[in-house]
Amino acid sequence: GAGGTPINTPNQADGAGANQSEDGTGAGGTQISSDQADGASANQAENGAGAGGPPINPPHQQYQNILPVEESGGHHDEQESLAYYVERPRGGPPRSKRPVIIDGANVAMCHGHDKDYSCRGIAIAVKFFEERHHKVHVVVKADRLTEGSERSQRPTVDISALQGLSKKRVLIKVVDPCHDDYTILVSAFVKGAVIVSRDKFQDLFKKKSAAKRNIEFLKQIAKAMRLPFTFYEDIFQPSFDPQGMRGSPENLPRLLRFPST
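Residues numbered from 1 in each chain as written. Predicted model: local features only at pLDDT ≥ 70, side-chain atom pairs only at ≥ 80, totals over all residues. Heavy atoms only, no water.

**Quick look at the pairing of strand β9 (residues 235-238)**
Moving on, step 1. Side chains of β9 alternate between two faces, with Phe 236 and Pro 238 buried and Ile 235 and Gln 237 left unburied.
Moving on, step 2. The pairing of strand β8 (residues 229-232) with β9 spans four bridges and is classified as antiparallel. Of the residues in β9, the one forming a bridge with Phe 231 is Phe 236.
Moving on, step 3. In sequence, β8 turns back onto β9 through a hairpin of two residues, with Glu 233 there showing a positive phi of about 55 degrees. (Buried < 20%, exposed > 50% of the residue type's maximum accessible area, 1.4 Å probe, protein only. Helix = DSSP H or I, 4+ residues; strand = E, 2+ residues; numbered from the N terminus. Pairing = 2+ DSSP bridges.)

In C-alpha cells, the structure reads:
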C-alpha cells in the first residue's frame, strides 16, 4: 500500500493512557479531501518516530492493525475506509510549531457559558495562538455567519467577530451539520495540528452507522491531539497538562510542537 509522512504525537511516556477529565459540547465540520485516486499508490517512504509516543500514520502503515479483515475472512479493502480518502499527513520541521485547529462551536459555547454562541470567544482563542506564531484555522458551521439563521436556543452573539475571521480566511466553513466533527479530526490528521476543544467527540464515536475501522481511525487522532481549555472571563487558557500525564506542565509545549526527530 501507499505510505505517507507520519504525524508524530507528543511524548506519552508515563501516562499515555490517562483520560482527559474535561467535558464540553461538540462542534466542528467536515471537508475530507477525496482527490487521492492517482496519488494513492505513490510511495512516500518517510518515517518518523514520535517523541516517545506512537506516530499517527496513514492506514497503509500503522493503521493496518486497526482495519479489520472482512467477515468472510478475506482482507479488508482499504479503499472502503475513510482514511484512504484523506490527504496524506504533512509533518513539519523538527521542533517547529504545530498548526492549530479550533473547534469553533465548542469554544464559542464555552465563552458564552453554554447559553450563547460567542463569536468573540473564538476571536480570543485565535488571537492567543496567532500571537504565539501558530497557524490557526477554525471549523464553524456556515450558517453561523448569517444573521438570524442560527438555532434559536443558542443565539449567535458578536457575529462581526466571526465575519472578521472569515475575511482573514482562517475559517473552515461546513455546510453539512451532520459531519462537523469529521472535519476537525481529519484536518488535524492531515496538518499534524492540535485540536482546541473540550469535546471528546463521543457523539461521533457512538454513531452506529459509522464503520468500526473509521471510528478507530478518528479516535486515535482525538486522543493524540486534543487540547482542552478554559476561559476566565475574556482570558483564554489552554490546559497545562492536555493529556493528563501526572500534571506535568511540560506537556503543553510538547504537544504544540513537532517532535525533535
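There's more to say after this.
**Observations concerning the side chain of Arg 226**
Moving on, step 1. Structurally, Arg 226 can be placed in strand β7 (residues 226-227).
Moving on, step 2. The class of Arg 226 is buried, set by a relative accessible area of 2%.
Moving on, step 3. In this structure the side chain of Arg 226 is engaged in a polar contact, spanning 3.3 Å, whose partner is the backbone oxygen of Ser 197.
Moving on, step 4. A polar atom in the side chain of Arg 226 sits 3.3 Å from the backbone oxygen of Arg 198. (Polar contact = N/O pair within 3.5 Å; in protein donor to acceptor, adjacent residues only side chain to side chain.)

**So, the nonpolar core**
Moving on, step 1. Ranked by size, the top nonpolar core spans 55 residues in total, and within it Ile 102, Ile 122, Phe 129, Leu 185, Val 196, Leu 218 and Phe 236 carry the most contacts.
Moving on, step 2. Here Val 196 is in contact with Val 100, Ile 101, Ile 102, Asp 103, Val 107, Phe 129, Leu 227, Phe 229 and Phe 236, once residues within four sequence places are set aside. (Core = buried A, V, L, I, M, F, W, Y, C linked by side-chain atoms within 4.5 Å. Contact = heavy atoms within 4.5 Å.)

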